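Residue-level structural notes
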Amino acid sequence: MRAAQALGVPVRRVAAEELARGLAPGVQSQGVVLVAGPLPTLPLPALARMGSSPRTLVALDGLEDPGNVGAIARAAEACGAQGLILTRRRSSPLSPAVARASAGAVEWLAASRVPNLPRALNDLKENGFWVFGSDPEAPEELFELPERLLRGDRVVVFGAEGRGLRRGVVKVLDHRVRIPMDGEVASLNAGSAAAVVLYELRRRTRLAAEVQLSYL
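An account of the accompanying structure is given in this report.

Quick notes on the rules
- Residues numbered from 1 in each chain as written.
- Predicted model: local features only at pLDDT ≥ 70, side-chain atom pairs only at ≥ 80, totals over all residues.
- Heavy atoms only, no water.
- Pairing = 2+ DSSP bridges.
- Helix = DSSP H or I, 4+ residues; strand = E, 2+ residues; numbered from the N terminus.
- Contact = heavy atoms within 4.5 Å.
- Axes fitted to C-alpha atoms, helices over the stretch in contact; angles between N-to-C directions.
- Buried < 20%, exposed > 50% of the residue type's maximum accessible area, 1.4 Å probe, protein only.
- Right-handed = clockwise from strand over helix to strand, strands pointing away.

1. Considering the sheet that holds strand E4 (residues 130–134)
- Across the sheet, which stays open at both edges, the seven strands sit in the order E3-E2-E1-E6-E4-E7-E5 with parallel pairing between neighbours. One side of each edge strand has no neighbouring strand; the edge strands of this open sheet are strand E3 (110–114) and strand E5 (140–141).
- Of the strand pairs in this sheet, strand E2 (residues 83–87) and E3 are connected by five bridges, and their pairing is parallel. Among the inter-strand pairings, Thr87 is bridged to a residue of E3, identified as Val114.
- Here helix H4 (residues 66–78) sits on the sheet in contact with strand E1 (56–61), E2 and strand E6 (154–159), set at roughly 170° to E1.
- Helix H6 (residues 117–126) rests against E1, E2, E3, E4 and E6 of the sheet, and its axis sits at about 160° to E1.

2. Some remarks on the pairing of E2
- Of all five residues that make up E2, five are buried, and the element is covered over most of its length.
- Along E2, one buried face is formed by Gly83, Ile85 and Thr87 and the opposite face, lined by Leu84 and Leu86, is buried too.
- Bridging between E1 and E2 involves three bridges; their strand directions are parallel. Across the sheet, residue Val58 finds its bridge partner in E2, namely Leu84.
- As for the winding sense of the linkage, the β-α-β connection from E1 through H4 to E2 is right-handed.
- The handedness of the E2 to E3 crossover, carried by helix H5 (residues 96–101), is right-handed.

This is the structure in structure tokens:
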């Protein structure tokens, strides 16, 4: 309470019954509730300038399930991605359900909403970003990407489970990559796939940087 008051956040004490009446069904307050507005979003150019190169942005193509969006946001924030790109239509809002599924990652991960994902990806390509798509049917394996593709800024696009990436999005990709599957299961869920792809890119990027430094 003292920290909130020091930041200028109004604090009001209420009875436990009143606190409970103001909550959504199934939500546990632990005695404290913060009333906040919607999470802010940034214009795409501002998102593309965040951080230092090599930057990683994560774009979601038609993911409407809050659990999947939250899981991908959690993996993206944990591996150091600069931001999340969402579409204005056919995309989950950054809701309390997404926040819970992300374990709070959406509070730290910048986000941008775009009206047209293929156009947004082309704009990023014109500004020096490689665009990768995660696709179980891709000809290239994730672990076989050439080193030259890991030196610059990149956008990684994930599609909805079942539907995958839309045709218009596939057309603007520089590379489609797949996670090799050696078992009987044909694919991973969206959150697990995102974690594998993003951490492999992070690992390979760091390795490439270390190799480059060794030659200096």
